[in-house]
Amino acid sequence: MSIQPRTTETVSARSRTDHRPDYILVGIDTEDAHHVYRTTDETVYVIHNAERTYRYDLEAVDQCINDWIEYVKTERGFTSQHLYSSLTNSFLDALEGDDQ
């Protein structure tokens, strides 16, 4: 098996074959910041007041999107969450919504 370096060309080629969207809204935290996951290069963007306030490179620190989700849940919490770290967490959130 060969390992192909991540270049603009390889990312573009992957984008044509990958069925995930390039950008996925993770959720909105309690400080009204939007967390957006860019799947093409494994980065998370935090957007607050229509400006990108933070860019976090998950690959550079050997983390995944699930780690980011758990971090935000612990540090700030979500007021609205669209991407979950597990199917169980998704079900639990849906059940909590039914109780309100």
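Structure first, text after, so check above.
Residues numbered from 1 in each chain as written. Predicted model: local features only at pLDDT ≥ 70, side-chain atom pairs only at ≥ 80, totals over all residues. Heavy atoms only, no water.

This part is about the sheet that holds strand β3 (residues 43-48). Read from one edge to the other, the open sheet built from five strands follows the order β4-β3-β2-β1-β5, with strand pairing classed as antiparallel. Of all the strands in the sheet, the pair left with one neighbour each is β4 (51-57) and β5 (78-81). Taken over all neighbouring pairs, the strand axes of this sheet differ in orientation by 25 degrees on average, direction set aside. Two elements, strand β1 (residues 23-29) and strand β2 (residues 34-38), share five bridges in a ladder whose sense is antiparallel. Across the sheet, G27 pairs through a bridge with H35, a residue of β2. Docked against the sheet, helix α2 (residues 65-75) engages β1, β2, β3, β4 and β5, running at close to 145 degrees with respect to β5. (Pairing = 2+ DSSP bridges. Helix = DSSP H or I, 4+ residues; strand = E, 2+ residues; numbered from the N terminus. Axes fitted to C-alpha atoms, helices over the stretch in contact; angles between N-to-C directions. Contact = heavy atoms within 4.5 Å.)

Moving on to the pattern of salt bridges. This structure, assessed with the given rule, holds five salt bridges. Among the ionic pairs, D29 bridges to R76, the shortest N-O distance being 2.5 Å. One end of the pair, D29, is in strand β1; the other, R76, is in the loop between α2 and β5, and 47 residues separate them in sequence. Residue D29 is classed as buried on the basis of its relative accessible area, which comes to 1%. Under the relative-accessibility criterion, R76 is labelled partly exposed at 34%. The closest approach of N and O atoms between E70 and K73, which form a salt bridge, is 3.9 Å. Linking E70 with K73, this pair stays in helix α2, spanning three residues, or about one helical turn. Among the residues examined, E70 registers a relative accessible area of 32% and is labelled partly exposed. Its relative accessible area of 34% is what places K73 among the partly exposed residues. Each of the salt bridges in this network shares a partner with another, and the network as a whole consists of D29, E31 and R76. (Salt bridge = Lys/Arg side-chain N within 4 Å of Asp/Glu carboxyl O. Buried < 20%, exposed > 50% of the residue type's maximum accessible area, 1.4 Å probe, protein only.)

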